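This is what each chain is made of:
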Amino acid sequence: MRWSKSLVPTLKEDPADAEAISHKLMVRAGLVRQLAAGIYVYLPLGQRVMDNVNAIIRQEINAIGGQEITMPVIQPAELWQQSGRWDVIGDEMFRLKDRNQRDMCLGMTHEEVIAWIAAHEVHSYRDLPQLWYQIQTKERDEARPKSGVLRTREFVMKDSYSLDRDMGGLDVQYEAHRQAYCKIFDRCGLRYAVVESDPGMMGGAGSHEFMAYSPAGEDQVALCQACAYAANVELAMSRPVVPTFPDWKLEEVSTPNARTIAEVSALLKIEPALTIKSLVVAGKDGPVLVLVRGDHQLRERKLERLLGPFRPAHRDEVREATGVEPGFVGPVGQRIRIIADECLRTGCYVVGANRPDAHLRGVIPGRDFQAEFADLHEANAGDGCERCGAPLAVERVIEVGNIFKLGTKYSVSLRAVYLDEQGQERPIVMGSYGIGPARIAAAAIEQNHDGNGIIWPETIAPCQVHLLVVNSKEPKMATLAEQLYADLAGAGLEVLYDDRDERPGVKFKDADLLGLPLRITVGSRAVKEGVVEVRRRRTGEETAVPPGEVVSRVRSLLGRSA
Ligand code: ATP
Ligand code: MG
């Protein structure tokens, strides 16, 4: 690529609305531009990164037997009505009508279409297993598009779908994907964790998420260095550090106007871990009193698994269910259903007294009130690992991919069945597997940059070599640079040739910003000493190389054989 003839619009300033480093750098390096909220244009260098990521994904999915197909973005509503997701998914789905007033939608994902293909084309056990995938645009009207290309309303996804006769077959294809995903993320240069996750709206028998470490991530994972336990905090289990419980006797204490845990602990001069937080929620079978330790957060997903959908109760609902104002509710003497976090099985606490301006001190769960116990608290850094007891770390992460065991949810509702060896009709067992190439690119930048710009992993860099001529008007420099450009391109290397008529300072700054792995500078030493400088972006190491040796030096620095 000759820069003077290319669209590489670098910027000196960060975009005003950007917080995530990857967002700032992708815009400043001229990789992307935002057309509307969460809707992006990929400019030439951004497109090259996406092409590189997608090529790696294709190779690895082909290697486990994937067959590439392309399914339509626009889909008829009937498929989604049959699966039940037309009503379950709310505003995230773009819906429209065609000229004949038929309901249509833009595909957020393609399980329904896969099941439709299977229903028509798979007949017998001999047709299975199958593995189909695409690298295709998805449309989702995300509530909060943010962080550049990390969460957009239109994005490309690699989605693959496995079809099997039984769960045993699914297990095999699932494991193949797990390994292929690790190869993909390794090759893209990411540091990541593979964690058990909550299947959410997919439903099914198991799932894992691939989480790249980054402060810009929206998710958090709990990790144990000792035994390698890793789980999304939505579900992560932990053994909280147990406080020293005072030898309180049961009594009422006056707590005028102290409603929150912070206010009550400050007033009574105790640590929040010695209190119990009482939350009233409205479940589908009525109000429930939920208890977690005062210093803990309730993890909603955990409670949702027990109760199904729920919401916090309104003020008047709390009053009606418990007979007291929010802030003074407690479990002692309550008649509604009570679910308490596991860690409250032992200890002696301060709880709301179910009377205004009062709390009870010295309450022992099991003695002073009865409850169902379940794991409800959010795992915190420093808690003990549920499996081995070692302290957990909690890290922010970007979800770059996930794998789901779907089972027969879609094949049953869309009648994707096959005849087994006995001629019996059975539903096809499905798995679905997603990767977001844009998130890979952004996560790679999050993990590989410095104050001057991006430091691309070689495998996904838009080009490997940045050829920079310090003064394109100086005939000797220009001639040599042109020659090197031809030599490198002839050797099959991808080169961005900065032949612009710009000040050297601008060119060097742009080179650091774009972050290609190797920079070759044709400057005054080329004229005086007959050498060019080859510099590694990551380490800053620089060596002088005679022009005739540049191709072989570049090859060896990139770890490629001739
Ligand atoms: P999230 O929880 O972040 O919304 P998701 O669970 O909705 O992700 P899937 O529907 O399973 O994600 O999609 C598979 C992959 O597609 C994700 O792992 C991610 O890499 C990518 N992806 C999902 N939503 C977006 C988005 N809005 N913008 C960019 N990439 C996305
Ligand atoms: Mg989502």
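Coordinates for the structure precede this section.
Residues numbered from 1 in each chain as written. Chains lettered and ligands numbered in written order. Predicted model: local features only at pLDDT ≥ 70, side-chain atom pairs only at ≥ 80, totals over all residues. Heavy atoms only, no water.

Caption draft 1: Structural context of the packing of helix α1 (residues 21–28) against helix α11 (residues 437–447). Interhelical geometry of α1 versus α11 gives an angle of 105° and a closest axis separation of 8 Å. With respect to their mutual orientation, α1 and α11 come out roughly perpendicular. On the side of α1, the interface is formed by Ile21, Ser22, Leu25 and Met26, while α11 contributes Ala442, Ile445 and Glu446. Of the residues assigned to the contact of α1 with α11, the class counts are five nonpolar, one polar and one charged. (Axes fitted to C-alpha atoms, helices over the stretch in contact; angles between N-to-C directions. Helix = DSSP H or I, 4+ residues; strand = E, 2+ residues; numbered from the N terminus. Parallel < 35°, antiparallel > 145°, perpendicular 65-115°, else oblique. Contact = heavy atoms within 4.5 Å. Nonpolar A, V, L, I, M, F, W, Y, C, P; charged D, E, K, R; others polar.)

Caption draft 2: View of the pairing of strand β26 (residues 429–435). With seven of its seven residues buried, β26 lies for the most part within the structure. Of the two faces of β26, both are covered, the one formed by Val429, Gly431, Tyr433 and Ile435 as well as the one formed by Met430, Ser432 and Gly434. When strand β23 (residues 392–407) meets β26, the two strands line up antiparallel, connected through six bridges. Each bridged residue has a counterpart across the sheet, and for Lys405 the counterpart in β26 is Gly431. (Buried < 20%, exposed > 50% of the residue type's maximum accessible area, 1.4 Å probe, protein only. Pairing = 2+ DSSP bridges.)

Caption draft 3: Inspection of the sheet that holds strand β18 (residues 337–341) at higher detail. Strand order in the open sheet made by the five strands is β17-β15-β16-β18-β21, with mixed pairing throughout. Two strands in the sheet have a free side with no partner beyond their single neighbour: β17 (311–312) and β21 (372–374).

Caption draft 4: Focus on the pairing of strand β8 (residues 154–164). In terms of residue burial, β8 counts as a mostly covered element, since nine of its eleven residues are buried. Of the pairings in the sheet, the one linking strand β7 (residues 130–139) to β8 comprises ten bridges and is antiparallel in character. Residue pairing across strands places Thr137 opposite Val156, the latter belonging to β8. As defined by bridge partners, β8 adjoins β26 across seven bridges and the pair is classed as antiparallel. Within the sheet, the bridge partner assigned to Asp159 lies in β26 and is Gly434.

Caption draft 5: Structural view of the layout of surface pockets. Approximately 490 Å³ is the volume found for the second largest pocket. Considering the residues around the second largest pocket, the lining is formed by 26 residues, among which Lys277, Ser278, Leu279, Val280 and Gly327 are closest to the centre. Counting residues per element, the ones that place at least two in the lining of the second largest pocket are α7 (261–268), β15 (276–283), α9 (315–322) and β19 (349–352). It is β15 that contributes the most residues to the lining of the second largest pocket, six residues altogether. Looking at the lining of the second largest pocket, its residues break down into 15 nonpolar, seven polar and four charged. (1 Å grid on protein atoms, 1.4 Å probe; cavity = no way out; pocket = protein on both sides within 12 Å on 5 of 7 lines; lining within 4 Å. Points joined across faces, edges and corners; volume = space filled by probe spheres on them.)

Caption draft 6: Representation of empty space enclosed by the protein. Overall, the coordinates contain two cavities of 30 Å³ or more when judged by the stated rule. One number sums up the size of the largest cavity: a volume of about 80 Å³. Together, Ser147, Leu150, Arg151, Ala216, Gly217, Glu218, Asp219, Val397, Ile398, Glu399 and Arg439 line the largest cavity. Per-element tally for the lining of the largest cavity: the top contributor is β23, with three residues. The residue inventory of the lining of the largest cavity, partitioned by class, reads four nonpolar, two polar and five charged. There is about 30 Å³ of room inside the second largest cavity. In this structure, the second largest cavity is lined by Ala511, Asp512, Leu516, Arg519, Arg535 and Arg537.

Caption draft 7: Fine view of the site of ligand 1. Around ligand 1 lies a shell of 15 residues, among which Arg140, Glu142, Arg151, Glu399 and Asn402 are the nearest. Between Arg151 and ligand 1, the recorded distance is 2.8 Å, taken from a side-chain N or O atom to an oxygen atom. Protein coverage of the free-state accessible area of ligand 1, which is 580 Å², stands at 86%. Sorting the residues of the shell around ligand 1 by element identifies β8 and β23 as the ones contributing at least two each. The element best represented in the shell around ligand 1 is β23, accounting for four residues. Of the residues that constitute the shell around ligand 1, the class distribution is five nonpolar, five polar and five charged. (Near = heavy atom within 4 Å. Polar contact = N/O pair within 3.5 Å; in protein donor to acceptor, adjacent residues only side chain to side chain. Areas by Shrake-Rupley, 256 points an atom, 1.4 Å probe, with all protein chains shown as cover.)

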